[in-house]
Structures are given as structure tokens and as C-alpha cells.
Amino acid sequence: MALQGPIPISFELLFPHGCYVVGEVTAAKDFDAKRDVQAKDKVTGLPVWQVPVMDADPSLKAAQKTVTVKILSEVQPVVPPSLPGVPLAPAEFEGLEVKPYVHQATGRLAYSISARVMRAPRTGAGKSGSAAKDAA
């Protein structure tokens, strides 16, 4: 099988309606360690951070809207600015990967989402690059 390990995915495919940060960036805990330490990515050795995000897809049920995105970064990522008058911060992620696994409590297929970069969304032509190509 050609796919082994995490599956690369684009932000637009994973969050076609965008997403919003709904909590703080925290250090992910290494549950395999004997003491309370931050998790490190097994491949890169980078520290793992986590942030809760709400998927803006209006067709999702409430229980499906919030997911945790793990960010592999040497330094703690900073949440982009929130919207004026709203406690939600729109965000985009780069270097996204999903790792399928079987959830032990439910026996159902689930996904762990990781990224390399969290940033404020691009606007206009910078978002997909196609508008910039069309203008050339």
C-alpha cells in the first residue's frame, strides 16, 4: 500500500468552510511518559502543542463541530487575532496531516489532526492563488 503513516491533506479539503480557534494553545501531554512532560513528535522530535477549533461547516452536528489540532512547533504557536466584538479567532493551518485510528472507548474510526503552522486566514487573491494566476 502506498499510504503509510500520516495522510497529507489541504486546509481547504479538511475545513472547506474555515475554522475558528475556540480555546488556548496548550502543551500536549505525553501519556506514555512516567512523569508530566510535553509530548514530542516521534518523527521530527518537535514539541507538540494543541488547540481546540470549531469547524464552520453548518451541516455538522454540534458534537462534531469542535476538534483538536496538534501543532508541531519548537515554540508555542500564537492564536491569530479574534474577530471584532466576537471571542472567536479565524485560523488556517499549513502542513496538515490526518492519522486515522480506532477510538478505544467507542471502537469507531477517528482521526488525529496535526499541522506545522497556524496563522490568520489569507484574504482575497492570496487565499487560493488561482485569482492571482488569472490576473497574470
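All of these numbers come straight from a predicted model, not from anything done at the bench.

Student: Can you break down the overall build of the protein chain residue by residue, with the values?
Tutor: Each helix and strand counted, the protein chain has three helices and nine strands in total. Going residue by residue from the N terminus, the α and β elements of the protein chain occur as β-α-β-β-β-α-β-β-β-β-β-α. Sequence-distant contacts in the protein chain: of pairs separated by 6 or more residues, those separated by 24 or more amount to 58%. When the accessible surface of the protein chain is totalled, it reaches about 9200 Å², and 57% of it is carbon and sulfur.

Student: Provide a residue-level description of the nonpolar core, including the pertinent values.
Tutor: In this structure, V51, V53, V69, F93 and M118 are the most contacted members of the largest nonpolar core, which totals 19 residues. Breaking this core down by element, the ones donating at least two residues are α1 (11–14), β2 (19–21), β4 (48–55), β5 (66–72), β6 (89–94) and β8 (109–115). Aside from chain neighbours lying at most four places away, what touches F93 is F11, C19, V51, V53, V69, I71, A115, V117 and M118. Formed by five residues, the second largest nonpolar core is a distinct cluster that contains A28, L46, V48 and L72.

Student: So what's going on with the pattern of salt bridges? Residues and values would help.
Tutor: Here the structure, examined in full by the defined rule, presents three salt bridges. Between E92 and R119 there is a salt bridge, with the nearest N and O atoms lying 2.8 Å from each other. Taken together, the residues E92 in strand β6 and R119 in strand β9 (residues 117–119) connect sequence positions 27 residues apart. Of the two residues, E92 and R119, neither departs from the other in class, the shared state being buried. Taking the shortest distance from any N to any O, the salt bridge between R119 and E94 comes out at 2.5 Å.

Student: If you had to explain the packing of aromatic side chains to someone new, which residues and values would you point to?
Tutor: Two descriptors summarise a pair of aromatic rings, namely the distance from one centre to the other and the angle between the planes of the rings. In this structure the tally under the stated criterion is one aromatic pair. With centroids separated by 5.6 Å and ring planes inclined at 40 degrees, the aromatic side chains of F11 and F15 adopt a geometry described as tilted. Accessibility classification places F11 together with F15 in one group, the buried group.

Student: Any chance you could break down the confidence of the model for the protein chain for me, citing the residues and the numbers?
Tutor: Looking at the protein chain as a whole, its pLDDT mean stands at 88, while 90% of the residues score no less than 70. Ignoring residues within four places in sequence, the model shows residues 125–136, a span with pLDDT below 50, making five contacts including any to other chains.

Student: Before we move on, could you go through the layout of surface pockets and cite the residues and values that matter?
Tutor: Considered as a void within the structure, the largest pocket measures approximately 1500 Å³ in volume. Taken together, 42 residues form the lining of the largest pocket, with K70, Y101, Y111, S112 and I113 sitting closest to its centre. Contributing elements (two or more residues each) for the lining of the largest pocket: β4, α2 (62–65), β5, β7 (97–102) and β8. Considering each element in turn, the lining of the largest pocket owes the most residues, seven residues, to β8. In terms of residue class, the lining of the largest pocket is built from 20 nonpolar, ten polar and twelve charged.

Student: Summarise the pairing of β8; cite the residues concerned and give the values.
Tutor: Of all seven residues that make up β8, five are buried, and the element is covered over most of its length. Of the strand pairs in this sheet, β5 and β8 are connected by three bridges, and their pairing is parallel. Residue pairing for β8: K70 is matched across the bridge by S114. Bridge count for β7 against β8 is six bridges, and the pairing is antiparallel. Following the sheet pairing, V98 is matched in β8 by I113. Between β7 and β8, which follow one another and run antiparallel, lie six residues, and G107 among them has a positive phi close to 75 degrees.

Each value, and the rule that gives it
Residues numbered from 1 in each chain as written. Predicted model: local features only at pLDDT ≥ 70, side-chain atom pairs only at ≥ 80, totals over all residues. Heavy atoms only, no water. Helix = DSSP H or I, 4+ residues; strand = E, 2+ residues; numbered from the N terminus. Contact = heavy atoms within 4.5 Å. Areas by Shrake-Rupley, 256 points an atom, 1.4 Å probe, with all protein chains shown as cover. Core = buried A, V, L, I, M, F, W, Y, C linked by side-chain atoms within 4.5 Å. Buried < 20%, exposed > 50% of the residue type's maximum accessible area, 1.4 Å probe, protein only. Salt bridge = Lys/Arg side-chain N within 4 Å of Asp/Glu carboxyl O. Phe/Tyr/Trp six-rings, centres within 6.5 Å; stacked < 30°, edge-to-face > 60°. pLDDT = per-residue confidence, 0-100. 1 Å grid on protein atoms, 1.4 Å probe; cavity = no way out; pocket = protein on both sides within 12 Å on 5 of 7 lines; lining within 4 Å. Points joined across faces, edges and corners; volume = space filled by probe spheres on them. Nonpolar A, V, L, I, M, F, W, Y, C, P; charged D, E, K, R; others polar. Pairing = 2+ DSSP bridges.

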